[in-house]
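Reading the structure
Read off the chains here:
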Amino acid sequence: MYEVVTSQPPDLVDALRETWPRVSELLTELDADQPTETRLGRLRHIGAIWYAQGGAAEVLTELGLILAERLRVSQGLVVSEMLLAYGAAQEEQRTREWESHLLARVDELDGLHRIISAANSTLDLDTSLQTVVEIVARVVKVEVCSIYLYDKHRDELVLRATRGLNQEVIGQIVSRLGEGVTGWAAQLGHPVAVRDVWEEPRFNAEPQPGEEPFRSVLAVPIVLFSAERFQFSADKLQGVINVQTAGPREFTQEEINFVEVAAGELAFFIANAQLYQQTDERLHRKIRELTTLQQVSKRIAEQLGLREVLNLITEKAVELAQANRADIFQIGEDNKPQLVASYGGSGDGVRDFIAQTVRDGKPLAVVNPYQDSRFPELAQVAAREDFHSLFCMPLRARERTIGCICLYTQEPHYFDYEQARLLSTFADEAAIAIENARLYEESQRALAVKSVMLQEMHHRVRNNLQTISALLAMQLRRLDPVSRGAKALRESAARIQSIAAVHNLLCREDVGSTTVDAVARQVVESARMTLVARERPVQFTIMGDSVRIGSRNATVLALVINELISNALTHGLAVEGGQLEIEATLEGDQVIVEIRDDGPLHPRPEESPSSSGLGLQIIETLVSDDLGGSFVLVHEPGEEWMHAQVRFSSRIIDEEGHESG
């Protein structure tokens, strides 16, 4: 085995003794008389320390050769032991580094898993953002982590979540694109890492929360990349993740990659949350629209007052379409639009311009009246009535245009499909309201004409019946008052007077109906004049409910009441008079009319053996056939009153045979 002659200067050992104390101790121990194994252990120890101190393997080899010569040991053995120890220390260091690296990757994966779980577990944006800043700060091991969201309307970044800063500054710190490190990263669309902000001039423009500034910054944009991943544009920017440390720090590529991945996951979550919010807002807007349309439809169904309904439609159209003013025009008798309702302003300057809409039955949209070549004179109207955009929708009913509804905005506005459809619905409601009001007015006029005609008819019928009654009265004067002929004429005259009394009522009251108590009063007045004798006074009492009945039932009921009064005066009250009560009640859909007299308390007249009972036959026939009801005559033994009860349906039947409730 050969020996290598070293060219290392002999003062290497002395230099090590002066600079590395631990190596000096080991060299001293080697000079002592020790077993070979112990000396080899010292040599291995020197090799491990040599690597730990960053010494070169070549110099370690030279040292081994020197020590082999001094210790009179094989050079190969000394050098190999020292280099093996050197290599083992190197491998151990690499193992620790890989272990640390793997643990960092595991921590990053766990952090990403938590971020994804937070994004998928809720649609509450603020809660998820706060979870993300906590996770990123822990994984990257920084003092501060903040998230800024990009407001596209104001073109600025707003602080929405932070870990390490005062929570009160959330929503207060605002940065514009290109301002500071955060705005710089947002503008570039890729991460920006600054080791020491004191050496970065852009940091001077960074908005601060009023606390002690941090030294290092890593700003990573939150970008929603599509298929064109490397084509960054502002419409894909969602925000920026910003991490900071108290001292200068060089962020590793692995740390930057982790924050980038977190930002990518966050971009999808922010986009989904914003879509959800937009969908929720659209849903609530649809609910408000449906609620408003239901209210408008309800008001149209509840009342026929055209003015109130149209005012409500214009008010709700302004509210839901986010316009400034709404007008409703109706085609007048001169075939020109006339303003009938307005909300949010006044003026009908557009009346001549919307004639085309009315004529063609098509919507009209004017985004900018100052530049619309179709209507060069509309600019003056817009300036006078303070509007910038106009949209008109025709009102159609029964295949014809009856007007239009117009919306105005003070700012330039394009009415999209949703707003046009909403306005179309309001136009339909307005058309229904106008058409209902027209039909109602026509029906009122027709009813008034019918009322006058029916009143005149009842008046003439009453006059004719009274003429017949007068003729019978003239004939009655020529007969013996106690004769059977005179009695028959008086009864016939009373019946005619009862019918005439009903027509007298109907020519003064509502067309087609009256009340039972009104009919009873007319019949009682007629009976007082024709059937009641002065020497046999009768006290009449009318009581009960005010039950409304139709004209046809009123005529039949008058005859029935007259016959029952005549029957009471002929029998129970024929000797000395007495009391007679008429009571009307309503039980469910049944009208009950009861005529009571106290005849059982008075002397009974001698019954005529030739009495035919025609009065009761007339009553039963009228009640059964004409009223569709029932009649009973009741007198229990020992009772002081005779009861006659008529029961029939409360349905009102007019002269034409039509029923109503």
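Up top is the structure these notes are about.
Before going into details, it helps to say that this report is about the structure given with it. All figures in this text were calculated on a predicted structure; none of them were measured in a lab.

Here is what the cut-offs are and how they apply
- Residues numbered from 1 in each chain as written.
- Predicted model: local features only at pLDDT ≥ 70, side-chain atom pairs only at ≥ 80, totals over all residues.
- Heavy atoms only, no water.
- Helix = DSSP H or I, 4+ residues; strand = E, 2+ residues; numbered from the N terminus.
- Buried < 20%, exposed > 50% of the residue type's maximum accessible area, 1.4 Å probe, protein only.
- Contact = heavy atoms within 4.5 Å.
- Areas by Shrake-Rupley, 256 points an atom, 1.4 Å probe, with all protein chains shown as cover.
- Salt bridge = Lys/Arg side-chain N within 4 Å of Asp/Glu carboxyl O.
- Phe/Tyr/Trp six-rings, centres within 6.5 Å; stacked < 30°, edge-to-face > 60°.
- Lys NZ or Arg CZ within 6 Å of the ring centre and 35° of its normal.
- Axes fitted to C-alpha atoms, helices over the stretch in contact; angles between N-to-C directions.
- Parallel < 35°, antiparallel > 145°, perpendicular 65-115°, else oblique.
- Left-handed = near helix turned anticlockwise from the far one by under 90°.
- Nonpolar A, V, L, I, M, F, W, Y, C, P; charged D, E, K, R; others polar.
- Arc of directions from axis to C-beta.
- Pairing = 2+ DSSP bridges.
- Core = buried A, V, L, I, M, F, W, Y, C linked by side-chain atoms within 4.5 Å.
- Disulfide = S-S within 2.5 Å.

Each helix and strand counted, the protein chain has 16 helices and 20 strands in total. Residues counted as buried form 43% of the 661 residues belonging to the protein chain. Long-range pairs, those at least 24 residues apart, make up 62% of the contacts in the protein chain with a sequence separation of at least 6. Accessible surface, the protein chain: about 35400 Å² in total, of which carbon and sulfur atoms supply 51%.

Here the structure, examined in full by the defined rule, presents 23 salt bridges. Among the ionic pairs, Glu156 bridges to Arg154, the shortest N-O distance being 3.0 Å. Under the relative-accessibility criterion, Glu156 is labelled buried at 7%. By relative accessible area, which is 49% here, Arg154 ends up partly exposed. Note that Glu525 and Arg528 form a salt bridge whose closest N and O atoms lie 3.0 Å from each other. Taken as a pair, Glu525 and Arg528 lie in helix α14 (residues 516-530) at a separation of three residues, close to a single helical turn. Classification of Arg528 by relative accessible area gives partly exposed; the value is 36%. Three or more residues are tied together by salt bridges with common partners; here these are Asp151, Arg154, Glu156 and Arg176.

Taken as a whole and assessed by the stated rule, the structure comprises five aromatic pairs. Measuring from centroid to centroid gives 5.1 Å for Phe387 and Tyr408, while their planes differ by 65°, and the two rings are edge-to-face. With Phe387 in the loop between α11 (378-385) and β10 (389-397) and Tyr408 in strand β11 (residues 400-409), the pair connects residues that are 21 residues apart, well separated along the chain. Take Phe387 and Tyr408: they sit in the same class, and that class is buried. Taking NZ or CZ as reference, Arg325 lies 4.0 Å from the ring centre of Tyr408, over its face.

Peptide bonds are trans in most cases, and residues, glycine excluded, mostly fall at negative phi. Unusually for a residue other than glycine, Lys141 sits at a positive phi of about 60°. With respect to the secondary-structure elements, Lys141 resides in the loop between α6 (125-140) and β1 (144-151). Backbone geometry at Asp386 places phi at a positive 60°, although glycine is not the residue there. Tracing the chain through its elements places Asp386 in the loop between α11 and β10.

This paragraph deals with the packing of helix α1 (residues 12-19) against helix α2 (residues 21-31). Contact geometry for α1 and α2: axes closest at 6 Å, N-to-C directions at 130°. For the element pair α1 / α2, the angle class is oblique. For the pair α1 and α2, the sense of crossing is left-handed. Every residue of α2 that contacts α1 at Val13, Leu16, Arg17 and Thr19 is listed here: Pro21, Val23, Ser24, Leu27, Thr28 and Asp31. Counted by class, the contact of α1 with α2 contains five nonpolar, three polar and two charged residues.

Taken together, the buried positions of α1 are occupied by Leu12, Val13 and Leu16. The arc enclosing the buried residues of α1, seen along the axis, measures out at 100°, which places them on a common side. Where α1 is buried, its residues meet α2, α3 (36-52) and α4 (57-71).

A separate point is the pairing of strand β6 (residues 237-245). By the criterion of burial, β6 is predominantly enclosed, with nine of the nine residues buried. The pairing of β1 with β6 spans six bridges and is classified as antiparallel. Of the residues in β6, the one forming a bridge with Cys145 is Val243.

Moving on, we come to the sheet that holds β6. The six strands are arranged β3-β2-β1-β6-β5-β4 in an open sheet whose pairing can be described as antiparallel. Each edge of the open sheet carries a strand with a single partner, namely β3 (174-176) and β4 (192-194). Direction aside, the axes of adjacent strands within the sheet are offset by 25° on average. Together, β1, β2 (156-163) and β6 form the strand contacts of α6, whose direction differs from that of β2 by roughly 65°. Helix-sheet contacts for helix α7 (residues 180-188) involve β1, β2, β3, β4, β5 (216-223) and β6, and the interaxial angle to β5 is about 35°.

Formed by 37 residues in total, the largest nonpolar core has its most connected members in Ile565, Leu580 and Ile582. Taken together, the elements giving at least two residues each to this core come down to α14, β13 (538-544), α15 (551-570), β15 (578-587), β16 (590-597), α16 (614-626) and β18 (642-649). The leading source of residues in this core is α15, at eleven residues. Not counting residues up to four positions away in its chain, the partners in contact with Ile565 are Val523, Val524, Ala527, Phe540, Leu580 and Ile582. Among the nonpolar cores identified, the runner-up in size contains 32 residues, and Val318, Phe391, Leu423 and Ala433 belong to it.

Now for the state of the cysteines. All told, the structure shown has zero disulfides when counted by the stated rule. In this structure Cys404 is a free cysteine whose sulfur lies 4.0 Å from that of Cys406, the closest cysteine sulfur available. Exposure remark for Cys404: the relative accessible area of 0% places this residue in the buried category.

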